[in-house]
Every structure is written in structure tokens, then in C-alpha cells.
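# Structural overview
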2 protein chains.
Amino acid sequence: MAYLNDNYLKLQAGYLFPEIARRVREFCEANPNAAARLIRCGIGDVTEPLPPAIIAAMHQAVDELSVRETFRGYGHEQGLESLREKIAQQDYRDRGSDVAADEVFISDGSKPDCGFILDILGHQNRIAITDPVYPVYVDTNVMAGHTGQAGEAGRYEGITYLPCGPANGFVPEPPPEPVDIVYLCFPNNPTGGVASRAQLTRWVEYAREHNAIILFDAAYEAYITDPEIPHSIFEMPGARECAIEFRSFSKNGGFTGVRCGFTVMPKSLQASTADGRKLSLHPLWHRRWSTKANGVSYPVQRGAEAIYSADGRKQVRTLIDHYMGNSRILREAATRAGLPVYGGVNAPYIWVQTLPGLTSWQMFDRMLQDLNVVITPGSGFGSCGEGFFRISAFNSRENAEEVGRRLQTLA
Amino acid sequence: MAYLNDNYLKLQAGYLFPEIARRVREFCEANPNAAARLIRCGIGDVTEPLPPAIIAAMHQAVDELSVRETFRGYGHEQGLESLREKIAQQDYRDRGSDVAADEVFISDGSKPDCGFILDILGHQNRIAITDPVYPVYVDTNVMAGHTGQAGEAGRYEGITYLPCGPANGFVPEPPPEPVDIVYLCFPNNPTGGVASRAQLTRWVEYAREHNAIILFDAAYEAYITDPEIPHSIFEMPGARECAIEFRSFSKNGGFTGVRCGFTVMPKSLQASTADGRKLSLHPLWHRRWSTKANGVSYPVQRGAEAIYSADGRKQVRTLIDHYMGNSRILREAATRAGLPVYGGVNAPYIWVQTLPGLTSWQMFDRMLQDLNVVITPGSGFGSCGEGFFRISAFNSRENAEEVGRRLQTLA
């Protein structure tokens, strides 16, 4: 008798974005005229083409595969040496963080990595997750059996939720009780909030005191405009002993369809065996990749490497400036429309309070029906997201400006 | 206190291929003259360039990403519709197997899929694995905590091993005791053996009788030359109720560095909850992909799709004929050298008995030192591989012929 993994049955029915897609589809079928002017600011997917430096590098890599002399088969499961070295140098050492090339593991995105990391961690760990939050952190823990059933507000037994809202500036303080694994994401998806050096330092101190591990998702670091805001958890002293960082090329290089990201696993990070010995996690993570993967597609890795060239850096900067221009337009427009607005300064997401009396999903329906604009309801990211909605700045300038105009008609 | 996954500590120290690489490196450093004439027939990695149809499709897809009008971001987590449909039609329905497009899940290779499949299965399952075997099946079960410690012969407590050797033609019969999950790989890596329709039918009957699931790895199906040998487990009646199939573009299209494969998960396949309800596995697998992945790189999927075009099919056929030409040369040469030879007829691997009195690793050293040829020691694939070695046919014709000549000097 073959058994299935019962933990999957605890998952809440719909993943957020399929439910949005369903409502949009039904609306468009019923209202073809409105459908024609629909603007999507829901899912955080890039819209602008890949920069020329990346395109050229990918073409060249494909050509290499077309002749015997330069053809390449299996690569290192952990990634191209040259790409790992560029990341360690430019993303870390150039900013004063001590990261070696063999601590960088190339993957096909930070979403998979956020799930895979649980492979090497024990089932005994007490997990803390911010609320609202990117749903993947919660769902992968449910699948791994680290939770009980979901309660009424959609919260799972066994997870320590860390509420984030206007009162704490969307950055939680470490909890009074000890936890073992903490997910932090800054700049934050969905709130657009950022954590200061002092706030992240308190988290590092907490983690070191409790022998906890911070899983730091820095997928949006390229959108930081304030020079005082840290780009990496490893800018905090002591983080190499208590943190793992996830990064993505999705939102800087526009790789949502090309797929590449990486994890930094410091060799100095240790965790405990069941019988209390402390061992380094790096060899476990290395073994995971050797056994369960064959490395990321060669042309994709070459494309990612081009992001670190002089031309690539300049072109990626232009892309980010474009999206952050949208962000400013949307933030100012929502403010003018009288809505309380957060985020959008160091992140491509604007986090907006709903109109008085409306839930997140009611606001979603209102925006869809009255403005023909698709947003993401805040409650989809957790119970503390109720009463908010997220506007994504990933769009053309023209669309951002049009959404800005339509927001003025909300009242 | 953060805990690690103790099960990783049960894994045997070296993955096979790193150990081979170490011995070859040391030999080459000590013997620079011999190093210059070294020929590698160890790891099963393709050597010939990608076919032109695939190259053209990948270039075109990269170009699509360079302009706003055709740019694509996130795709379906489960894969491009058009690719899934072509696979279902050409690989299955055209051969009489009933497989729908939404039962095909595109991945970055069958190695990852063989590990990922355990995500949706319960920890209670009793696992059966052939011996010798591709090490990934065993190691991913060790990591998931499905075994005890390794014993002296490297076998793990808690796994039912199914011995394969000349006596059973390298195809095991179902065991007398009931097991829940069975890994089968035909054409086999490493033995090159194939299973007949009658043999696979007995396995399907066994699985249905015991409500077991067959995990069928068909990564080498393109190398089947005998028209009587099934290409897919789904050619057996009833397999849709008891089997999952893994396939790869690595060895037909030459995608070892490009990375693409797929899993077929029939909607009619059920497994049991802990409390004995039978549920379909398809929604769990679908959910796993939605939550833990963002789909395979767009240009890679377009490259895979080109394999199914008229030109692509012809060009892939030429590639396979090339490798199978090598296979014949190597098989005949080893036979002429007086060695008992298996496989190599419907698979790109030749499985050869060692010289009398030599272990697999002793034979490895002898081949390296006397012939300057790298092979894979059979014992690296399991204790029943002792006394054998694997020669890979993935090479240039020139190298295959030269290895054939050198084999004659073995005596």
C-alpha cells in the first residue's frame, strides 16, 4: 500500500494567484469592454525585455553548444565557477561582506531555494514567519510536516507568526520566546518595507543568542535607493554564524522567465544534530545539490554572468530606474487619492490601505470593476495583510501613469 | 537551537563520480605522458553538439525575450502547454499509450524529479531498489529519512534491494514480500539491460495487487533498437493506476548542460492517506510545482520542443545512431578481448565483467594505468555491481575506435 504525504492535505485550497486569475477571467468574460482596458498590477512579474548584454551572452552560449569544440555537457551542480566568483566579489566583497565563491550556490530561482533549504534542516525546528508574507515560506513548511492544521484566520498551528503593520513600520522585533528558524525578507514582498541596520543587527544578536538561523530573502535588494539600508544580511557583523541568504535575478535582470538565482551558505554557519553536536551546514547543502540537481542551464548561467559586466550593470540599472519611476508615480497617485500608502521607496511594491470598511478582497473587486485594474489583496499574504492591497510597479510607464489617473476616480 | 537533518550524516562519504575524478587527477599529475592520451568513458555525458533545430529554436526564443512585444516572464510552473502537448502526443499517444498533456510536468531533468517525487509520498512506504542502480534513488531516500544506517556492503537498513545480474538477465522479478514503492530503470543505467513486455507486465500486476507504485525511469528509451521492447511503462495495461514515469532530454537531445526533462503523473494514480483513504496523487504533484518552482527556462523549453519537429526528430535520430555505433564498436571489442559483455544493444552503456580476480576498483585502476581509459567501477552502483565495470558509449567515433583497439591489449 503506497502512502501519500498527508501534510499536503493541510494546505489551504487555492494558491493566491490562481484565485486572482480566476476572478479576472470571469470578470473579463462578463465585461468585454472593460476587459479591453484592463491593466494588471497584480503578480510581481517584470514586463520589460532582457537587457542587450544578457541577450548577447545567451546567444553566444547557445552558439558554443552548436559545435563540438565548445560544446558542454554536465556542469558543476553548484554552478559555473566564473559566475559564483563574480557574485561573491561584486554583490558581497565589494560591499564589505566576506563571502567566498564556493559559498554561492547557483539555482533556478529563489522560490525553489526557499523550499529546498528545508531539505537539510531538522523537523524539530520551531519556525517563525512574518505576517503578511510571501506564501512560499509557509506552504513549504506545511508540506514538510512542520505545522498542524490551519485555523480560522488561515494560520497554521506550530508556526510563530510575527505581525507586521504600520505600528512597527512593517519590521518585527525578535519574539520574546526562542525560535530556531526565522524567515525575513527585506525589501519586503508584499509590504515594500525595509529593515534598518539597527533592526537587522538586533535580529543577528537574537539568532546568535538562541543558536537560531535567519533565512534572509534579499530578492529585491536591487531596488534599495536609501544608502543607509543594508543590501545583505551579511553586512551585519556575526551574520556569517547565523544566516543564509537567498537572491534572485528575476527582478534585477528580468529573469522571471529565464530562471536563475542563488543562495549564500557561509561555511561558518553551524546547526545541531539531534544529539547536540554542532556541525557545519555547508557540506549538507553541497551534497543536496550534488545528489538532487545537475546545475542550471549553461546559457542561462552565462546570461546571469553578463549582469556583472560593465554594460550589464548599466543596463540593469536602467531597468530598475524604470520600475522605480513607476513606483513613484503609483505611490504619489495613491497618496493624492487619499489612501494611506506604504512601501514603494526602496521596493517595487506599494502597500496601500483599503477604502474604509472594505476588506482586501472587496477592494480587489472594487478596483477590478470600477478601475479595471488588477491588484493583489493583502489578506492573500496572511491575516495581518487584511485591510491592505499591493500594487506592483512592474509595468510600462504608460500603464503606470494610466493607473495613477484612474486611482483619482476611486473616492 | 537550530537543528540539521541528521539523515544526511548517514550518506556514504563520496558520491561515485567525485571519487573517480580524484583518482584520474592524481594519475594524470603523476603521468603527464599517459594523461595526454587519456580517453574518458566514465560519466555518461554526451559529447556531440546540439542538433541545428534545437540551436535555432533557442536562438529564436532568446530573441523573443529581447523585445517588449514578445517578452515573457513567469510561465506555467508545470511547463509550456505546447511542449506538454507534443510530448503527450508523440511520446505516448502515437505509441498507443493514453497520456494527456496535463499529466506531463516539465522539469530541469530527471535527476531532480527522481528526488522531488519523494516530496509527495509518505514516510511509511517500504522502498525497493534494484542493485546495481543509479545512486540518486538510494541517496534521496536516505536524505528523506527512509533508511537506517549503511551496513558493511554499503547497503542501507530499511531498503529492499533487488539483485540484478547475469542469472536474471539484469531484470529482477517482483519480491515475495510486499513493498510500496519500486524504482525501475529500463533501458538500465548502469547495466544496459532492458525489460521485456512480459517482465514489465508482471511488475504492473504486482503493483496493482499490492497497491504499490512503480517509479519508472525511462531516461534512455531513445536507445532501444529492438522493436519488441517497450519504451514506456504506460505501454503495459493498468500502468496508469500504478506508475509514474521519468524522462529526460539529456541523452536524446544532448541536454546534459541545457537541462530539461519531464515526469508523467497519470490522473488515475492513487495513494493512501495515513487513515486509509485513497486519493489521486496528481493534485499533490501539481501543487508541489506551483509552490516550489516557477517552470523551466523559456529558451530551454523551446529548445526541447524543437526535438519534436520533423527536422529535430531526424537530427536526434542521427545523434543516437552515432552513440549506438560507438556502443557496437565497444561491445564487439570487449567481446574480442575475451571479456563477458552485457548491455550495449538497447542502451549506450556496456556492462563488462572484470578480469578474473580483479575487483571493480582494481579493474578501474588497471584500465587507467595500462590503457589510459577511464571507466566506471560497477561496485559504485551497488554491491551487486562488484566484479563489473561500465563503459559509456558517449564519445567521438575516433575515441570509441581507439578504446576498442586498446581493449585488445588487456590480456
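Structure report, in brief.

Reading the values: rules and limits
Residues numbered from 1 in each chain as written. Chains lettered and ligands numbered in written order. Predicted model: local features only at pLDDT ≥ 70, side-chain atom pairs only at ≥ 80, totals over all residues. Heavy atoms only, no water. Buried < 20%, exposed > 50% of the residue type's maximum accessible area, 1.4 Å probe, protein only. Helix = DSSP H or I, 4+ residues; strand = E, 2+ residues; numbered from the N terminus. Pairing = 2+ DSSP bridges. Polar contact = N/O pair within 3.5 Å; in protein donor to acceptor, adjacent residues only side chain to side chain. Contact = heavy atoms within 4.5 Å. Least-squares fit on C-alpha atoms with pLDDT ≥ 70 in both. Right-handed = clockwise from strand over helix to strand, strands pointing away. Buried area = accessible area lost by both parts, 1.4 Å probe. Salt bridge = Lys/Arg side-chain N within 4 Å of Asp/Glu carboxyl O. Nonpolar A, V, L, I, M, F, W, Y, C, P; charged D, E, K, R; others polar. Axes fitted to C-alpha atoms, helices over the stretch in contact; angles between N-to-C directions.

## Structural notes on the pairing of strand β5 (residues 181-185) of chain B
All names here are of chain B. For β5, a buried count of 5 out of 5 residues is recorded, marking the element as mostly surrounded by other parts of the structure. Judged by which residues are buried, β5 turns out to be covered on both faces: Ile181, Tyr183 and Cys185 on one side and Val182 and Leu184 on the other are all buried. Two elements, strand β3 (residues 127-131) and β5, share 3 bridges in a ladder whose sense is parallel. Paired with Ile127 across the bridge in β5 is Ile181.

## Overview of the side chain of A:Ser232
Residue and element names in this part refer to chain A. If you trace the backbone, Ser232 turns up in the loop between β6 (213-217) and β7 (243-248). Judged by relative accessible area, Ser232 falls into the buried class, the value being 2%. A polar side-chain atom of Ser232 sits 2.9 Å from the main-chain amide nitrogen of Phe234. Residues contacting Ser232, with those up to four places away along its chain left out, are Tyr92, Phe216, Glu245 and Arg247.

## Topic: the relation of the copies chain B and chain A
Mapping chain B onto chain A calls for a screw motion: a turn of 180° about the axis and a shift of 0.0 Å along it, with 0.0 Å RMSD after fitting. On the angle and the small slide along the axis, the relation comes out as a two-fold axis. Minimal C-alpha distance to the rotation axis in chain B is attained by B:His59, lying at 3.1 Å. Of the residues that chain B buries at the interface, 100% are likewise interface residues in chain A, meaning the two copies contact each other through the same surface.

## Examining the pairing of strand β5 (residues 181-185) of chain A
Look at any regular strand and the pattern is simple: side chains alternate between the two faces of the sheet. Residue and element names in this part refer to chain A. Bridge count for β5 against β6 is 5 bridges, and the pairing is parallel. What sits directly across from Val182, in β6, is Ile214. Regarding topology, helix α7 (residues 197-210) serves as the crossover connection from β5 to the parallel β6, and that connection is right-handed.

## Let's talk about the interface of chain B and chain A
Counting residues at the interface gives 84 residues for chain B and 84 residues for chain A. Taken over both partners, the interface formed by chain B and chain A buries close to 7200 Å², and the fraction arising from carbon and sulfur atoms is 59%. For the interface between chain B and chain A, the tally reads 6 salt bridges. Across the contact surface, chain B and chain A share 46 residue pairs in polar contact (both at pLDDT 80 or more). Of all the secondary-structure elements, those providing two or more residues to the side of chain B that touches chain A are α3 (52-64), α5 (110-116), α6 (135-143), β9 (270-272), α8 (282-292) and α9 (298-306) of chain B. Classifying every residue of the side of chain B that touches chain A gives 40 nonpolar, 25 polar and 19 charged.

## So, the sheet that holds strand β14 (residues 376-377) of chain A
Residues and elements named next belong to chain A. Reading across from one edge, β11-β12-β15-β14 is the order of the 4 strands in this open sheet, with antiparallel pairing throughout. On the outer flanks of this sheet lie β11 (341-343) and β14, each paired with one strand and no other. Sheet topology note: the β14/strand β15 (residues 388-392) ladder contains 2 bridges and is antiparallel. Bridge assignment links Thr376 to a residue of β15, and that residue is Arg390. Taken strand by strand, helix α10 (residues 310-336) contacts β11, β12 (349-353) and β15, and its axis lies near 155° from that of β11.

## Structural notes on the pattern of salt bridges
Counting across every chain of the model gives 60 salt bridges over all chains. Two residues, B:Arg23 and B:Glu19, come together in a salt bridge whose shortest N-O distance is 3.0 Å. One end of the pair is B:Arg23 and the other is B:Glu19, both in helix α1 (residues 16-30) and 4 residues apart, which spans about a single turn. Within the structure, one salt-bridge network assembled from shared partners comprises A:Glu19, A:Arg22, A:Arg23, A:Glu26 and A:Asp365.

## Let's talk about the sheet that holds β6(A)
Residue and element names in this part refer to chain A. Spatial strand order, β2-β8-β7-β6-β5-β3-β4: 7 strands in an open sheet with mixed pairing. With one partner strand each, in any of the chains shown, β2 (104-107) and β4 (159-163) form the two edges of the open sheet. Strand-to-strand twist in this sheet, taken as the mean axis angle between neighbours without regard to direction, amounts to 20°. Looking at chain direction, β7 and strand β8 (residues 261-264) are connected through 4 bridges and run antiparallel. Its bridge partner lying in β8, Glu245 is registered against Val264. Contacts from helix α4 (residues 81-92) reach β2, β7 and β8, with the element oriented near 115° to β2.

That is the geometry; function is a separate question.
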